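Here are the chains, one letter per residue:
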Amino acid sequence: VNAGELCIRDVVTAESDETAETAAARMRARHVGDLIVVEPRDGRTVPIGIVTDRDLVLSVLATGREPGAVLLGQIMGRVLVTVDEQTEITAVLSAMKENGVRRMPVIDADGALAGILTYDDLLEWMAEELAAMVTLVRKEQRLERGR
Amino acid sequence: MKVKQIMKTSPVAVGPEDTLRQAIQRMAWSGGRHLPVTDGERVIGVLSARDVATAQIAAPATVLRVREIMKSPAQTCGPEDSLTEVMGRMASAKIGCLPVTEQGRLVGMITVTDVLFAQVQEAMDPGAETARPS
């Protein structure tokens, strides 16, 4: 299984000149905890950063800054770790652990934003895989007993 | 594997009557994205970074209290619960973190991150002792 198969394609995005206030409203409306900051490049939508709900709490609220005056470009994580669609899920997990991130934009062969993978998605997939494995083992055990 | 093997002990908590300002300071100090809300030793809710950011920025109010925006009642798990079972619950309910309680008393917290990496580690190296996350 690779990143392209598991990622969520409907990514909620923002641009770096939008404010923290706008970002919080979008997170609330779309029920997400992060926004991928993008910019247009040669007709492609390229991810350049990420802003999380925790960034808003720590970089805006905890410091007493005015949310309507803080631009996402000022608070977003500058080093964005991405994976391409062909990356195996085990490699995605390793990259997440290595970089200490819990969300990763997925890019296509041209570097354009193709989706996003989060811990929650990976956990859901893993839970389903485990459940399927348990069902298979139980079926085999029943067959063994029947022989 | 059991919850107690990977849970974070001594979690930082907030009270329902604390202000969001106090909660923000505790969240910054805790290093996490979730805070259990306790009334005495009893867990009555969970406050997430998203709850705080969207309530205080997207819909600002003069003085908000934790009880006004926390998710309550809180889903919890026990230290002896199986990690596989807890993982299924977190995945199906899309929960980012669960307070761990023992006879109603808060004893730890467990997050999606903790569960995911413990399961991966166990799958890759079933015999290894799982280190408690820092």
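The rules we used
Residues numbered from 1 in each chain as written. Chains lettered and ligands numbered in written order. Predicted model: local features only at pLDDT ≥ 70, side-chain atom pairs only at ≥ 80, totals over all residues. Heavy atoms only, no water. Helix = DSSP H or I, 4+ residues; strand = E, 2+ residues; numbered from the N terminus. Pairing = 2+ DSSP bridges. Buried < 20%, exposed > 50% of the residue type's maximum accessible area, 1.4 Å probe, protein only. Contact = heavy atoms within 4.5 Å. Buried area = accessible area lost by both parts, 1.4 Å probe. Salt bridge = Lys/Arg side-chain N within 4 Å of Asp/Glu carboxyl O.

J.: What exactly am I supposed to notice about unusual backbone geometry here?
T.: In most cases, non-glycine residues show a negative phi, while peptide bonds are predominantly trans. Cis geometry marks the peptide bond from serine 72 of chain B to proline 73 of chain B, where omega comes out at 0°. Along the chain, the position of proline 73 of chain B falls in the loop between α4 (66-69) and α5 (83-93). With a phi close to 55°, histidine 31 of chain A is a non-glycine residue in the positive phi region.

J.: Which parts of the structure should I look at to understand the sheet that holds strand β5 (residues 103-107) of chain A?
T.: Each strand in a sheet pairs with its neighbour through backbone hydrogen bonds, running either in the same direction (parallel) or in the opposite one (antiparallel). Residues and elements named next belong to chain A. A sheet is described by the order of its strands in space; here three strands give the open sequence β4-β5-β6, paired in mixed fashion. One side of each edge strand has no neighbouring strand; the edge strands of this open sheet are β4 (83-84) and β6 (113-118). As defined by bridge partners, β4 adjoins β5 across two bridges and the pair is classed as parallel. Paired with valine 83 across the bridge in β5 is valine 106.

J.: Quick question: what am I supposed to make of the pairing of strand β4 (residues 97-102) of chain B here?
T.: The two faces of a sheet get side chains in turn, since along a regular strand they alternate between them. Residue and element names in this part refer to chain B. By the criterion of burial, β4 is predominantly enclosed, with five of the six residues buried. Relative to strand β5 (residues 105-111), β4 runs antiparallel, the two being bridged by six bridges. Its bridge partner being in β5, leucine 98 is matched across the sheet by isoleucine 110. Taken together, β4 and the strand that follows it, β5, pair antiparallel across an intervening segment of two residues, in which glutamine 103 is found at a positive phi of about 50°.

J.: Honestly, the interface of chain A and chain B in this entry has me stumped. Any pointers?
T.: Where the parts come together, the accessible area they lose is often given as the size of the interface. In this assembly, 30 residues from chain A lie in contact with 31 residues from chain B. Summing both partners gives a buried area of about 2,700 Å² for chain A against chain B, and 72% of it is carried by carbon and sulfur. Among the residues of chain A in contact with chain B, Arg54, Leu61 and Leu123 of chain A are the three that bury the most area, contributing 25% of the side total. Linking chain A with chain B are two salt bridges. In this structure, aspartate 53 of chain A and arginine 33 of chain B form a salt bridge, with 2.7 Å as the shortest nitrogen-oxygen distance.

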